[in-house]
Amino acid sequence: MTVGRFPATRMRRNRHDAWTRRLVAETRLSVDDLIWPIFMIEGDATTSDIASMPGVQRVTLDRLAAHIAPAARLGIPALALFPATPAEKKDPDGTESANPDNLICQAARLLKREFPDLGLIGDVALDPYTSHGHDGVLRDGTVANDESVAILARQATNQANAGIDVIAPSDMMDGRIGAIREALDAAGHEHTRLMSYAAKYASAFYGPFRDALGSEAALKGDKKTYQMDPANGDEALREVELDLLEGADMVMIKPGMPYLDVVRRVHERFAVPTFAYQVSGEYSMLVAAIERGWLDRDRAILESLIAFKRAGASGVLTYFAVEAARLLRERDAG
Ligand code: PBG
């Protein structure tokens, strides 16, 4: 690369006017980059706030279409669906996950009817359904990999049968992508995509999400025997490579902002659709500072999201999706 020297070169020239800044912008955030995670609860006529995620709500199915309508209107491409399971339906093996009439399956049928063009991403992991809160089944005190994978494959097929377009395994068991791909194909779902939570870290930033689903109260111990150590980056590349070999169509890094180096490395190494999840704790951190008047809301939201694009992400799962889409519409309208 040839670079001139000061004073012939003045980096500030291209920043001088808004129109040059627009011309030289290297990345652009658009509504096409946004995936909106949604929380659902059983029952009727209920919208409930999540204390640790101000502005995010859980809704019952009769309110789901109205809840989703703004996202569909703004052109958000896809939703990620997260069901809360009442304690009485949880058991050690998470059997509710295979119930064809469970909350996420009902939601999928309803949303496909009301919004046929909206992509539906289903979380596959057992933690919403297990009484011990782990993503797999416990045998002799440890999360049993292969037995969990067999259950996850049934969970994934169940969701695909209900109309889920993208299966997103967030459980971090070994070999689950291959097993799920095989199960989906055997059930005639060869077009169902797999977005693998390939590098998912054992993170403190999931706290508010677990509040939202009541899985923190249920969780016995921690998830460090299956989720990754925050100290590791090379290991993430191996995780991604394995998932791609097993048939992942898209990969995800999670959490987002503390792991942008991983997003960048994965994107450069594999050049595959790479997503990042701006998780609940990242959302809550920003909102807490915004509520105290310490950060400018609109600017902080958009800056936090463009960072993912700059790092090489194809898109971002974010609780700010609807708000960001509105801000981007306003920007584009001038
Ligand atoms: C569950 C799952 C988690 C998240 C998405 N799927 C939590 C966990 O692994 O404990 C976290 C999302 C967020 O914090 O926003 N398998």
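In the block above lies the structure referred to throughout.
Described in the following lines is the structure provided in the data block.

## Section: the overall build of the chain
- Across its full length, the chain holds twelve helices and twelve strands.
- Expressed along its principal axes, the backbone C-alpha trace of the chain runs to roughly 70 × 45 × 40 Å.
- Here the analysis covers contacts within the chain between residues at least 6 apart in sequence; of these, 75% occur between residues at least 24 apart.
- Just so you have it, the chain exposes about 15,700 Å², and 51% of that area is on carbon and sulfur atoms.
- Between the averaged position of the 39 positive side-chain charges in the chain and that of its 48 negative side-chain charges there is a distance of 9 Å.

## Structural notes on the pairing of strand β8 (residues 166-169)
- Residues V166 and A168 line one face of β8 and the alternating positions I167 and P169 line the opposite face, and both faces are buried.
- Looking at chain direction, strand β5 (residues 119-124) and β8 are connected through four bridges and run parallel. Residue pairing across strands places V124 opposite P169, the latter belonging to β8.
- With two bridges connecting them, β8 and strand β9 (residues 193-200) associate as parallel partners. Across the sheet, the residue bridging to V166 is R193, located in β9.
- With respect to chirality, the unit in which β8 leads through helix α5 (residues 176-186) into the neighbouring parallel β9 is right-handed.

## Comments concerning empty space enclosed by the protein
- Inspection of the entire model under this criterion finds three cavities of 30 Å³ or more.
- In this structure, the largest cavity spans a volume of roughly 160 Å³.
- Taken together, 19 residues form the lining of the largest cavity, with D127, K200, Y206, F209 and K254 sitting closest to its centre.
- For the lining of the largest cavity, the element with the highest residue contribution is helix α6 (residues 207-213), accounting for three residues.
- Classifying every residue of the lining of the largest cavity gives nine nonpolar, three polar and seven charged.
- Roughly 40 Å³ of volume is contained in the second largest cavity.
- Considering the residues around the second largest cavity, the lining is formed by E42, P83, A84, T85, P86, E96, N102, L103, I104 and Y129.

## Here's the deal with the site of the ligand
- For the ligand, the set of nearby residues contains 18 residues, the closest of which are K200, R210, K254, S280 and Y319.
- A distance of 3.5 Å separates a nitrogen atom of the ligand from a polar side-chain atom of D123.
- Within the contact set of the ligand, a nitrogen atom lies 3.3 Å away from a side-chain nitrogen or oxygen of K254.
- A majority-of-atoms criterion places the ligand in the largest cavity.
- When the residues that make up the shell around the ligand are grouped by side-chain class, the tally is eight nonpolar, three polar and seven charged.

## Let's talk about the pattern of salt bridges
- Tallied over the full model, the rule gives 17 salt bridges.
- In this structure, the salt-bridge partner of K223 is D135, at a minimum N-O distance of 2.7 Å. Of this pair, K223 sits in the loop between α7 (215-218) and α8 (234-246) while D135 is found in the loop between β5 and β6 (138-139), placing the two residues 88 residues apart along the sequence. There is no split in this pair, since K223 and D135 are both buried.

The rules we used
Residues numbered from 1 in each chain as written. Predicted model: local features only at pLDDT ≥ 70, side-chain atom pairs only at ≥ 80, totals over all residues. Heavy atoms only, no water. Helix = DSSP H or I, 4+ residues; strand = E, 2+ residues; numbered from the N terminus. Contact = heavy atoms within 4.5 Å. Areas by Shrake-Rupley, 256 points an atom, 1.4 Å probe, with all protein chains shown as cover. Lys, Arg positive; Asp, Glu negative; His and termini not counted. Charge placed at Lys NZ, Arg CZ, Asp CG, Glu CD. Buried < 20%, exposed > 50% of the residue type's maximum accessible area, 1.4 Å probe, protein only. Pairing = 2+ DSSP bridges. Right-handed = clockwise from strand over helix to strand, strands pointing away. 1 Å grid on protein atoms, 1.4 Å probe; cavity = no way out; pocket = protein on both sides within 12 Å on 5 of 7 lines; lining within 4 Å. Points joined across faces, edges and corners; volume = space filled by probe spheres on them. Nonpolar A, V, L, I, M, F, W, Y, C, P; charged D, E, K, R; others polar. Near = heavy atom within 4 Å. Polar contact = N/O pair within 3.5 Å; in protein donor to acceptor, adjacent residues only side chain to side chain. Sits in = over half its atoms within 2 Å of the grid points. Salt bridge = Lys/Arg side-chain N within 4 Å of Asp/Glu carboxyl O.

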